[in-house]
Amino acid sequence: MAGYVEMFRLGKTYDTLKGPAVIVEDFNLNMKQGEYASLLGHSGCGKSTVLMMVAGLCDITDGGVVVANHEIDGPGPDRGIVFQSPCLMPWMTAIENVLLGVDQVYPHATKQQRHDLSAYYLSLVGLGNNLRTRASDLSQGMQQRVGIARAFALKPKMLLLDEPFGMLDSLTRMELQEILLEILMRDKVTTMMITHDVDEALFMSDRVVMMTNGPRATVGAIFDIPFDRPRVRTEVLEHPEYYDYREKLLRFLEEQDHKKLKQEVAEHEAKKTENVNEEDSVCA
Ligand SMILES: Nc1ncnc2c1ncn2[C@@H]1O[C@H](COP(=O)(O)OP(=O)(O)OP(=O)(O)O)[C@@H](O)[C@H]1O
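No experiment lies behind these values; they were computed from the predicted model shown.

Caption draft 1: Quick look at the sheet that holds strand β5 (residues 70-71). Strand order in the open sheet made by the four strands is β2-β1-β4-β5, with antiparallel pairing throughout. Each having just a single partner strand, β2 (19-31) and β5 make up the two edges of the open sheet. When strand β1 (residues 5-16) meets strand β4 (residues 62-67), the two strands line up antiparallel, connected through five bridges. Each residue of the ladder has a partner; that of E6, found in β4, is V66. On top of the sheet, helix α1 (residues 47-55) reaches β1, β2 and β4; it is set at about 115° to β1, its chief contact.

Caption draft 2: Just the pairing of β1, in detail. In this sheet, β2 lies alongside β1 in antiparallel orientation, the contact comprising nine bridges. Looking at β2, one finds that D15 is bridged to P20. Here β1 folds back onto β2, and the loop between the two strands holds two residues.

Caption draft 3: Local environment of the environment of T212. Along the chain, T212 turns up in the loop between β9 (207-211) and β10 (219-224). We classify T212 as buried; it has 21 C-beta atoms within 10 Å. Each C-alpha atom of the pair T212 and V24 lies 9.6 Å from the other, and the pair is 188 residues apart in sequence. If we skip the residues at most four places from it in the chain, T212 touches C45, A217, T218, G220 and Q256.

Analysis parameters
Residue positions within a chain follow its written sequence, with the count starting from 1. A pLDDT threshold of at least 70 governs which residues receive local features in this predicted model, and a stricter bar of 80 or more applies before side-chain atom pairs are shown or counted, although totals over entire chains, interfaces and linings include all residues. Only when DSSP finds a minimum of two bridges between them are two strands counted as paired. Helix and strand assignments follow DSSP, with helices taken as H or I runs no shorter than four residues and strands as E runs no shorter than two, numbered in order from the N terminus. The contact criterion used here is simple: two residues whose C-beta atoms, placed from the backbone, lie within 7 Å are in contact. Note on method: axes are straight lines fitted to C-alpha atoms, helices fitted across the in-contact stretch only, with angles between N-to-C directions ranging 0 to 180 degrees. Counting other C-beta atoms within 10 Å of each residue's C-beta, where C-beta atoms are placed from the backbone, gives the exposure class: buried for 20 or more, exposed for 12 or fewer, partly exposed between.

Shown next, in the form of structure tokens:
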């Protein structure tokens with residue numbers, strides 16, 4: 001079934017000194033408009049590679065990505081990105097940082113309209129009183145709020161989040177998760193988020209997409225998360241199925257751990273045999 005966002009047979013091969021390395025292979029995912037999907041998998045499996053291909057910031061080797069009926073070919077304002085660190089211009093104010101993108105994407109809007117749009121999203125993330133604060137004077141959590149406002153202000157069709165709360169303390173992280181969900185309820189932006197946090201994935205997502213280990217990482221399992229929206233953290237945590245879902249996600253990751261270990265042992269054994277064979281042929 002076609003989706004609002006379609007990733008079809010997506011693959012990425014990097015050229016490395018040891019030759020081509022197939023990192024992601026045959027990655028297929030369709031998303032409905034307004035859906036929130038999290039991408040979970042072990043470190044180094046290829047999550048950021050998938051996200052960067054969807055963002056158009058990394059060349060696609062195989063397959064493709066369609067967003068709202070357009071096959072992507074490089075980055076564009078239809079896809080907003082929030083990284084772990086927001087990378088603001090430290091000498092600019094919060095609103096100037098948001099305006100940087102807004103001015104480019106809405107060149108025909110009036111100055112006042114661009115200002116109002118930027119101020120609107122900054123106030124939604126709780127920075128209504130800090131529009132004129134220099135980015136360097138904002139805390140890490142506040143800077144990340146600017147990063148989120150900057151992404152939403154461009155009115156993207158899709159939001160791509162690469163561990164957006166990874167560098168924040170747990171209180172700020174929970175607060176920002178809730179703010180993000182609130183804005184998403186209004187704007188209905190299709191969202192893909194990378195996270196290492198099972199609880200974060202369960203709280204935020206409609207579906208959790210589990211990736212297999214690399215190389216040749218792909219979709220290993222997809223879990224539909226049934227909790228009602230709007231989500232209230234205590235209700236989600238008290239949901240009778242919460243710990244069943246948590247267990248399923250953790251079990252998948254554990255299974256991948258075992259596979260990885262087995263794979264490493266097999267590779268080690270193969271290398272040993274190779275070395276012995278080489279030594280034998282030198283002696284002969
Ligand atoms: N430009 C590149 N050239 C060669 N290999 C790369 C390149 N970029 C990433 N890789 C490799 O691709 C694999 C996947 O990297 P990626 O960053 O996508 O993983 P990840 O799942 O997002 O990791 P993490 O969870 O640690 O952020 C890694 O083995 C990495 O070393």
